[in-house]
Amino acid sequence: MKVRKLAVEGALELTPRVFEDARGLFVSPFQEEAFAAATGRRLFPVAQTNHSRSSRGVVRGVHYTTTPPGTAKYVYCARGAALDIVVDIRVGSPTYGAVDAVLLDQADFRCMYFPVGVGHAFVALADDTVMSYMLSGSYVAEQELALRALDPALALPIPDDVEPLLSDRDRVAITLAEARAQGLLPRYEECRRIEAALMPPLDVAVPA
């Protein structure tokens, strides 16, 4: 598995090897050994898995979880294709405001790791695009917030040939500047502390 650091501090692109033959293919989107080698840490204990299906043009996000409790994510595309986007909204982060995107699809099965506190969005590039997530925390509606995906200050790399389709919730979401002014953004040091507790270094024993 190849691992590449993204422009947002702590976010990763992970590309597994795909084995294909006349019968079809086999791939392991998550590999603990490769993740640990890249980060020096175990992946978070998985509290919930999510599965979404989207039509071409659907834009989901920018979503994030209040911190605390905060949520880390590991995401891949099981079918179709999507431009998966990470946004650094952690106040005090060395890469605050940075945006990076990775093409996730059913050919290369690239994955993305989202550290605690960052924003997540994606643009479906094909009909019936299926996204699969592992999350460190369970869904609690009042802890889930959204930023406006079309906020010019974010300048998300939505392709010019895509007509964005947003949910009612995402359409009325506030901008990054508004969220910061209202004190709604996670703080970098708090995010790091929570993530360290979720994902101890490899030389630290995990309680039975």
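Up top is the structure.
**As for the side chain of Thr175**
The topology assignment puts Thr175 in the loop between helix H2 (168–171) and helix H3 (176–181). Ignoring sequence-local partners within four residues, the contact set of Thr175 consists of Leu147, Arg148 and Asp151.

**A word on the packing of aromatic side chains**
Under the defined criterion, the tally for this structure stands at four aromatic pairs. Aromatic pair Phe30 and Tyr74: ring centres 5.1 Å apart, planes at 85°, arrangement edge-to-face. Within this pair, whereas Phe30 is found in the loop between strand E4 (24–27) and helix H1 (32–39), its partner Tyr74 is found in strand E7 (residues 73–79), the two being separated by 44 residues in sequence. Ring centres 5.3 Å apart and planes at 70° place the aromatic pair Phe35 and Tyr113 in the edge-to-face group. Here Phe35, found in helix H1, pairs with Tyr113, found in strand E10 (residues 111–114); they are 78 residues apart in sequence, far enough to count as distant. Here the two residues Phe35 and Tyr113 agree in accessibility, since each one is buried. Grouping aromatic residues by their ring pairs yields a cluster made of Phe30, Phe35, Tyr74 and Tyr113. Directly above the aromatic system of Tyr96 lies the positively charged group of Arg180, at a separation of 4.8 Å from the ring centroid.

**Quick look at the state of the cysteines**
Throughout the structure, instances matching the rule amount to zero disulfides. Among the cysteines around Cys77, which has no disulfide bond, Cys111 carries the closest sulfur, lying 10 Å off. Judged by its relative accessible area of 0%, Cys111 is buried.

**Points about the pattern of salt bridges**
Oppositely charged side chains are able to pair whenever their charged atoms sit close together. Applying the stated criterion across every chain, the model contains nine salt bridges. For Arg171, the salt bridge is made with Asp168, and the minimal N-O distance between the two is 2.8 Å. One end of the pair, Arg171, and the other, Asp168, are both in helix H2, three residues apart, so they sit about a helical turn from each other. Asp168 sits in the exposed class, given a relative accessible area of 59%. Salt bridges here are not isolated pairs; linked through shared partners, they connect Glu9, Asp88, Arg90 and Arg192.

**Quick notes on unusual backbone geometry**
In this structure, the amide linkage connecting Thr67 to the following residue, Pro68, adopts the cis form with an omega of 0°. Inspection of the secondary structure assignment puts Pro68 in the loop between strand E6 (59–65) and E7. For the bond running from Pro68 to Pro69, omega is 10°, close enough to zero to count as cis. Along the chain, Pro69 turns up in the loop between E6 and E7. With a phi angle near 55°, Phe109 is a residue other than glycine that sits in the positive phi range. Among the secondary structure elements, Phe109 is positioned in the loop between strand E9 (99–105) and E10. Unlike most non-glycine residues, Ala155 shows phi in positive territory, near 50°. If you trace the backbone, Ala155 turns up in the loop between strand E13 (144–146) and H2. Ala155 gets classed as exposed once you look at its relative accessible area, which sits at 56%.

**Re the layout of surface pockets**
There is about 560 Å³ of room inside the largest pocket. In terms of lining, the largest pocket is formed by 30 residues, of which the most central are Asn50, His63, Lys73, Tyr133 and Glu144. At the level of elements, strand E5 (48–54), E6, strand E11 (119–124), strand E12 (129–135) and H2 are the ones that each hand at least two residues to the lining of the largest pocket. Looking at which element gives the most residues to the lining of the largest pocket, the answer is E6, with five residues. If you add up the space inside the second largest pocket, you get close to 390 Å³. Around the second largest pocket sit 17 residues that line it, and Glu9, Gly10, Thr39, Arg192 and Glu195 are the ones nearest its centre. When residues of the lining of the second largest pocket are traced back to their parent elements, those giving at least two are H1 and helix H4 (188–198). Residue composition of the lining of the second largest pocket, grouped by class: ten nonpolar, two polar and five charged.

Basis of the calculations
- Residue numbers restart at each chain and count upward from 1, following the sequence in its written direction.
- For this predicted model, a pLDDT threshold of at least 70 governs which residues receive local features, and a threshold of 80 or more governs which side-chain atom pairs are given and counted, while totals over whole chains, interfaces and linings are taken from all residues.
- In computing side-chain properties, one takes all heavy atoms of the structure into account and sets aside hydrogens as well as water.
- Strands here are runs of E lasting at least two residues and helices are runs of H or I lasting at least four, both read from the DSSP assignment and numbered beginning at the N terminus.
- Note on definitions: a residue-residue contact is assigned when non-hydrogen atoms from the two residues lie within 4.5 Å.
- Paired rings are identified among Phe, Tyr and Trp, the last through its six-membered ring, by centres lying within 6.5 Å, and are further divided according to the angle between planes into stacked (under 30 degrees), edge-to-face (over 60) and tilted (the rest).
- Each residue gets one of three labels from its accessible area relative to the maximum for its type: buried under 20%, exposed over 50%, partly exposed in between, using a 1.4 Å probe on protein chains only.
- Lysine NZ or arginine CZ positioned within 6 Å of the ring centre and within 35 degrees of the ring normal marks a charge as sitting over the ring.
- By definition, disulfides here are pairs of cysteine sulfur atoms that lie within 2.5 Å.
- Salt bridge criterion: a side-chain nitrogen from Lys or Arg within 4 Å of a carboxyl oxygen from Asp or Glu.
- Method remark: on a 1 Å grid restricted to protein atoms, a set of points is classed as a cavity if a 1.4 Å probe fits but cannot get out and as a pocket if it is open with protein on both sides within 12 Å along at least five of seven lines; lining residues have an atom within 4 Å of a point.
- Grid points are joined across faces, edges and corners, and a volume is the space filled by probe spheres set on the points.
- Classification convention: Asp, Glu, Lys, Arg as charged; Ala, Val, Leu, Ile, Met, Phe, Trp, Tyr, Cys, Pro as nonpolar; all other residues, Gly among them, as polar.

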